[in-house]
Amino acid sequence: SLTLKEAYKNDFLIGTALSADQIGEKNRKEDSLIKKEFNAITAENIMKSMFMHPQKDKYDFTLSDKFVAYGKKNNMFVHGHTLIWHSQLAPWMEKIADSTEMKAFMQDHINTIVSKYKGKINSWDVVNEALNEDGTLRKSVFLNTLGEKYLVDAFKLAAKADPNVDLYYNDYNIEEPAKRAGAIALIKKIKAQGGKVDGVGIQGHWRLGSPSLEEIEKSILEYSALGIKVAFTELDITVLPNPWDLKGADVNQKFEGNPKMNPYPEKLPDSVQKKLADRYASIFKLFLKHKDKISRVTFWGVHDKQSWLNDWPIKGRTNYPLLFDTELKHKEAYNSVLELKSSK
Ligand code: G3I
């Protein structure tokens, strides 16, 4: 039977985030699964600023070189994540205090990294998560020192360093109306000011019940109406309750120690397994409907054991957000995503 990347080969790329361990090819079984199922990769952590640019005058490309080489060797689309993001910065970057220093930083950082991988990286998240939930600009060391100008500057610098690489704005919850309106306004503004934006990355850290398919579809249509590509860049679906949704007496015990917050420590019940499979199927069905507008769908990790959702927003839970389980076996959700293609 076909694998994910084979089944969707004429539709869009099927990607995964990889950890530093996974590009080391140490676990044979895991490595062969990655190579069989996926044709696009994103580094889950190692291409973030704190790793690539630990000190002002020191870059460290040891792991990113390995990552890019892994992609090339396996004929994979290589996505760069991420150039300008308020999180996982090196400590020295947090201390940048004025516009002159920040300008110099952005120029050196973006130019050095993008030039280094010119022709080797297929697309970049130039700016990640610049928006608040209400669509306004998030406070960050970039906004504080340069004002909103840092956004167009980042895209201009990246295009200058590699005119052929695809440049993305990437964020979460930008399928929700208020934040989506903010993202659309932002992308329009960057383009109007002469920045090159080739695509939007909708992260896709989703839940069983939300966002609705209607909002996802509106997002695909509204973003692509800007003349840009739409990618789903960090897809996973949590099956666990959200502590912030608790009401009444439970509010006092939102996090650790509340057994309601970790309801499936050993095994996901069949009924929820089925819900997850149905949710994935309906999402991929929608993706297929708009495949001409979608460049890539990337999962945020290969299998459930690797997922960041086991540790967020509460540490040490057991979550089940991906298509492969902790033993690397196909889940029902994997089959439901593949069946969409075989039934045609
Ligand atoms: O490497 C250290 C390890 O040495 C230490 O023992 C351990 C103790 O907690 O921490 C390890 O670092 C962790 C790192 O992941 C590697 O596993 C950090 O604490 C942890 O904060 C970090 O989390 C990453 C997170 O970004 C940071 O914001 C997740 O793995 C990664 O999946 C997540 O990815 C982000 C995307 O980049 C942007 N969109 C949202 C997405 C999910 O948060």
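Quick note: structure is the one above.
Owing to the predicted nature of the structure, the values given are computational and were not obtained by experimental measurement.

Procedures and definitions
Residues numbered from 1 in each chain as written. Predicted model: local features only at pLDDT ≥ 70, side-chain atom pairs only at ≥ 80, totals over all residues. Helix = DSSP H or I, 4+ residues; strand = E, 2+ residues; numbered from the N terminus. Buried ≥ 20, exposed ≤ 12 C-beta atoms within 10 Å, placed from the backbone. Contact = placed C-beta atoms within 7 Å. Core = buried A, V, L, I, M, F, W, Y, C linked by C-beta atoms within 7 Å.

Moving on, we get to the environment of K229. In this structure, K229 sits in strand β8 (residues 229-238). The exposure class of K229 is buried, given the 20 C-beta atoms found within 10 Å. Measuring from C-alpha to C-alpha, the distance between K229 and D166 comes to 9.4 Å, with 63 residues separating the pair along the chain. Setting aside chain neighbours within four positions, we find K229 in contact with D198, G199 and S295.

Residue T82 is bonded to the preceding H81 through a cis peptide linkage, with omega at 10 degrees. Note that T82 resides in strand β3 (residues 77-85). In this structure, P313 follows W312 across a cis peptide bond, with omega equal to 0 degrees. Positionally, P313 belongs in the loop between β9 (294-299) and α13 (332-342). Its identity as a non-glycine residue notwithstanding, E25 has a phi of 55 degrees, on the positive side. Take E25: there are 15 C-beta atoms within 10 Å of it, and that puts it in the partly exposed class. Phi at E129 is positive, roughly 55 degrees, even though this residue is not glycine. Among the structural elements, E129 can be located in the loop between β4 (123-128) and α8 (141-146). Residue E129 is classed as buried on the basis of its C-beta count, with 20 C-beta atoms lying within 10 Å.

This part covers the nonpolar core. Inside soluble globular proteins, nonpolar side chains tend to come together where they are buried. Counting 89 residues, the largest nonpolar core has V126, A154 and A158 as the members making the most contacts within it. Ranked by residue count, the leading element in this core is helix α9 (residues 149-161), at nine residues.

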